[in-house]
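Observations on the model geometry
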Amino acid sequence: VRVCSAQCNAAEWSGAMAALTGFPYGVVEAIAEHLGVHDLLPFGATSLEMHWIAAKTASDTAKYAFDGVLPAAYIRLGPREPPDWLKFLMALQPRCLVRGNRKVWPDQTRPLPFVLDTTGPWFVEFKLAAAGAPNGTPTIGLVDAGCPVTTSREGGRHWPGDLSRRGTERFAISLAPYDGTVLAARPGSPTRCRARLRWEKIGDEQGKWNDPMSCGFLIENRKLKFFRDGGGGAWHSGETVCEDLPKQVSPCMFMSSYVGFALVQYVCLWKSLPETCPHCDANFQGFAEPWDSWN
């Protein structure tokens with residue numbers, strides 16, 4: 001039995017799948033483990049038994065590929081709970097977190113629908129743009145995953161307020177990628193901390209328009225480092241801003257006293273960091289302004 005649809009025409013592939021129904025369960029399961037995702041679809045459509053084998057194989061493959069990623073519990077497929085493989089696809093697909101122009105945006109911390117183990121490595125990529133914004137830009141970062149998420153009247157999941165700008169019971173940290181300002185709040189601390197990376201300012205959030213900027217952060221061995229595209233696809237990193245992250249975190253978008261146009265998109269979750277020039281990247285390490293407390 002040939003098990004690669006790329007080598008078979010439609011009739012051959014349908015016949016091959018039908019022939020598998022007579023094989024022992026263990027043999028069929030072993031064959032399924034060697035099929036790609038596109039081949040699992042016709043495989044699972046052959047019979048109910050093949051469907052369950054395909055679903056289990058897809059879920060096991062997704063769990064292995066994304067070990068350390070936990071889709072949010074609230075991900076649903078209508079009234080039903082989707083299978084594990086579909087939960088991963090739904091949680092990790094690109095999405096727009098905010099887009100529009102408002103005179104007043106609500107203060108908020110909006111998480112992505114998945115949690116990351118901070119052993120990593122994980123690189124979370126965003127695109128961000130701000131314009132006509134006199135009070136700064138939206139920020140990206142993360143929050144301790146143990147912080148309970150609330151549900152808005154519109155059905156979205158969020159925390160009211162910018163958790164990186166106020167003392168809470170949970171850790172939160174965020175980056176303003178235009179100028180490299182980093183804000184952090186730690187458990188039990190009534191004050192917040194602020195620092196600025198050794199990054200040159202890019203764009204003018206108060207101007208009429210700025211092209212979306214690629215930015216993101218790397219989580220590895222409970223350490224956090226922010227990145228951005230400095231122009232023309234040339235990524236650079238910044239200083240390590242935290243070396244004792246919580247065991248699990250939720251990637252987030254933050255807003256505080258924001259006015260103007262905002263665009264924040266989650267692009268992708270990567271297992272590796274973007275390519276940087278090691279000689280150029282050295283110029284962006286360290287802090288232009290060290291960590292300091294502020295109220």
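Just above sits the structure.
This section reports on the structure supplied with the text. The shown structure was predicted, so the numbers you read here are calculated from the model rather than taken from an experiment.

1. Description of empty space enclosed by the protein
- As enumerated under the stated definition, the model contains one cavity of 30 Å³ or more in all.
- Space inside the largest cavity adds up to approximately 40 Å³.
- As for the largest cavity, its lining consists of Asn 135, Gly 136, Thr 137, Pro 138, Thr 139, Asp 162, Arg 165, Phe 254, Met 255, Ser 256 and Tyr 258.
- The residue inventory of the lining of the largest cavity, partitioned by class, reads four nonpolar, five polar and two charged.

2. Considering the pairing of strand β16 (residues 260-270)
- By the bridge criterion, seven bridges tie strand β2 (residues 95-102) to β16 in an arrangement that is antiparallel. Residue pairing in the sheet places Gly 100 in a bridge with Ala 262 of β16.
- With nine bridges joining them, strand β5 (residues 122-131) and β16 adopt antiparallel strand pairing. The residue of β16 that forms the bridge with Ala 129 is Leu 263.

3. Here we look at the pattern of salt bridges
- Scanning all chains against the criterion turns up six salt bridges.
- Of the charged contacts in the structure, one is a salt bridge between Arg 165 and Asp 162, with a shortest N-O distance of 2.9 Å.
- Judged by relative accessible area, which is 24%, Arg 165 ranks as partly exposed.
- Owing to a relative accessible area of 5%, Asp 162 belongs among the buried residues under this scheme.
- Glu 289 is paired through a salt bridge with Arg 196; the nearest N and O atoms lie 3.4 Å apart. Of this pair, Glu 289 sits in strand β17 (residues 287-294) while Arg 196 sits in strand β11 (residues 192-197), and the two are 93 residues apart along the sequence.
- Overall, Arg 196 belongs to the partly exposed group, its relative accessible area being 24%.

4. Let's talk about the environment of Phe 287
- Take Phe 287: it is sitting in strand β17.
- Accessibility expressed as a relative area gives 24% for Phe 287, which makes it partly exposed.
- For the pair formed by Phe 287 and Arg 196, sequence separation is 91 residues and the distance between their alpha carbons is 5.8 Å.
- If sequence neighbours within four positions are ignored, Phe 287 has contacts with Ala 195, Arg 196, Leu 197, Arg 198, Glu 239, Thr 240 and Val 241.

5. Considerations on the packing of aromatic side chains
- In this structure the tally under the stated criterion is nine aromatic pairs.
- A centroid spacing of 6.0 Å and a plane angle of 80° characterise the contact between Phe 217 and Phe 226, whose relative ring orientation is edge-to-face.
- Cluster of aromatic residues (ring-pair linked, three or more members): Phe 114, Phe 126, Phe 217, Phe 226 and Tyr 266.
- The ring centre of Trp 105 lies 4.5 Å from the NZ or CZ of Arg 102, which sits over that ring.
- One cation-aromatic arrangement involves Lys 271 over Trp 122; the distance from NZ or CZ to the ring centre is 4.2 Å.

6. As for helix α5 (residues 84-92)
- For α5, the set of buried residues is Leu 86, Lys 87, Phe 88, Ala 91 and Leu 92.
- The inward-facing, buried residues of α5 contact α4 (48-65), β1 (69-71), β2, β4 (114-117) and β16.

7. Details of the sheet that holds β5
- Within the open sheet, the six strands sit side by side as β2-β16-β5-β12-β13-β14. Their pairing is antiparallel. Edge positions in the sheet fall to β2 and β14 (235-242), since each has one partner strand and no second. Between one strand axis and the next, the sheet turns through 20° on average, direction left out of account.
- Two strands pair when backbone bridges link them, and strand β13 (residues 223-229) and β14 are joined in this way by five bridges, in the antiparallel orientation. From the neighbouring strand, Arg 228 faces β14, where its bridge partner is His 236.

8. Structural notes on the nonpolar core
- Core analysis: the biggest nonpolar cluster contains 51 residues, and Phe 126 and Leu 224 have the highest contact counts within it.
- Sort the elements by how many residues they give to this core and β5 lands first, with seven residues.
- Cys 147, Trp 159, Leu 163 and Phe 254 belong to the second largest nonpolar core, which has seven residues in total.

9. Remarks on the packing of α4 against α5
- Remark: α4 packs on α5, axes separated minimally by 7 Å, with the N-to-C direction vectors making an angle of 50°. With respect to each other, α4 and α5 are oriented oblique. When α4 is examined against α5, the residues Ala 55, Ala 58, Ser 59, Ala 62 and Lys 63 are found in contact with a partner set consisting of Asp 84, Trp 85 and Phe 88.
- Classifying every residue of the contact of α4 with α5 by side-chain character gives five nonpolar, one polar and two charged.

The rules behind the values
- Residues numbered from 1 in each chain as written.
- Predicted model: local features only at pLDDT ≥ 70, side-chain atom pairs only at ≥ 80, totals over all residues.
- Heavy atoms only, no water.
- 1 Å grid on protein atoms, 1.4 Å probe; cavity = no way out; pocket = protein on both sides within 12 Å on 5 of 7 lines; lining within 4 Å.
- Points joined across faces, edges and corners; volume = space filled by probe spheres on them.
- Nonpolar A, V, L, I, M, F, W, Y, C, P; charged D, E, K, R; others polar.
- Pairing = 2+ DSSP bridges.
- Helix = DSSP H or I, 4+ residues; strand = E, 2+ residues; numbered from the N terminus.
- Salt bridge = Lys/Arg side-chain N within 4 Å of Asp/Glu carboxyl O.
- Buried < 20%, exposed > 50% of the residue type's maximum accessible area, 1.4 Å probe, protein only.
- Contact = heavy atoms within 4.5 Å.
- Phe/Tyr/Trp six-rings, centres within 6.5 Å; stacked < 30°, edge-to-face > 60°.
- Lys NZ or Arg CZ within 6 Å of the ring centre and 35° of its normal.
- Axes fitted to C-alpha atoms, helices over the stretch in contact; angles between N-to-C directions.
- Core = buried A, V, L, I, M, F, W, Y, C linked by side-chain atoms within 4.5 Å.
- Parallel < 35°, antiparallel > 145°, perpendicular 65-115°, else oblique.

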